[in-house]
Amino acid sequence: MKNMTEQELIECAQKIVRHLEKNIVKHRDNPSVACKLASMNKYIHMCYIQRVTAL
């Protein structure tokens, strides 16, 4: 397995965040699912995007 560069990691995390955001909107009528998706979105954004871009 190939190691990802920081840029590839950021791009991958951004794709995941965009996908989660679309699904949050899709499931807005189900607060339980939307909340779980929002939590995943926040976690990925904080752990991968903000942390890596801060380096």
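Everything numeric here is computed off the predicted structure, so don't read it as measured data.

Trainee: Before we go on, may I ask you to explain the environment of Lys26 in this structure?
Mentor: If you trace the backbone, Lys26 turns up in helix 1 (residues 6-26). Distance in space between the C-alpha atoms of Lys26 and Gln14 is 18 Å, their sequence separation being 12 residues.

Trainee: Teacher, can you tell me more about the state of the cysteines here?
Mentor: Here a disulfide denotes one covalent bond, and it connects the sulfur atoms of two cysteines. Taken as a whole, this structure holds 0 disulfides when the rule is applied. Cysteine Cys12 is unpaired, with the sulfur of Cys47 as its nearest cysteine sulfur at 14 Å. Classification of Cys12 by relative accessible area gives partly exposed; the value is 33%.

Trainee: What should I look at first to understand the nonpolar core in this one?
Mentor: In summary, soluble globular proteins display a tendency toward joint burial of nonpolar side chains. Formed by Ala13, Val17, Leu20, Leu37, Ile44 and Ile49, the largest nonpolar core amounts to 6 residues. Looking at this core, the elements with two or more residues in it are helix 1 and helix 2 (31-54). Excluding residues within four positions of it along the chain, Val17 makes contact with Asn41, Ile44, His45 and Ile49.

Trainee: Looking at this structure, I do not really get the side chain of Asn41. What am I missing?
Mentor: Structurally, Asn41 is set in helix 2. The buried category is assigned to Asn41, whose relative accessible area is 11%. Not counting residues up to four positions away in its chain, the partners in contact with Asn41 are Val17, Leu20, Glu21 and Ile24.

Trainee: Where do I start with the environment of Ile24 in this structure?
Mentor: Here Ile24 is to be found in helix 1. For the pair Ile24 and Ala34, spaced 10 residues apart in sequence, the C-alpha separation works out to 5.0 Å. When residues no more than four places from it in sequence are discounted, the contact partners of Ile24 are Ala34, Leu37, Ala38 and Asn41.

Trainee: Would you take a moment to explain the environment of Gln14 for this structure?
Mentor: With respect to the helices and strands, Gln14 occurs in helix 1. Classification of Gln14 as partly exposed rests on a relative accessible area of 32%. Between the C-alpha atoms of Gln14 and Lys2, which are 12 residues apart in sequence, the distance is 19 Å.

What counts as what
- The numbers attached to residues start from 1 for each chain and follow its sequence in the written order.
- For this predicted model, a pLDDT threshold of at least 70 governs which residues receive local features, and a threshold of 80 or more governs which side-chain atom pairs are given and counted, while totals over whole chains, interfaces and linings are taken from all residues.
- The basis for every side-chain value is the complete set of non-hydrogen atoms in the structure, without hydrogens or water.
- Strands here mean DSSP runs of E at least two residues long; helices mean DSSP runs of H or I at least four residues long; both are numbered from the N terminus.
- The definition used for a disulfide is geometric: two cysteine sulfur atoms within 2.5 Å.
- Relative accessibility under 20% of the residue-type maximum defines a buried residue, over 50% an exposed one, and the middle range a partly exposed one, all with a 1.4 Å probe and only protein chains included.
- The criterion is simple. A nonpolar core is a set of buried Ala, Val, Leu, Ile, Met, Phe, Trp, Tyr and Cys residues joined through side-chain atoms within 4.5 Å.
- The contact criterion used is simple: two residues touch if any of their non-hydrogen atoms lie within 4.5 Å.

Remember that the coordinates give geometry; whether it matters functionally is a separate question.
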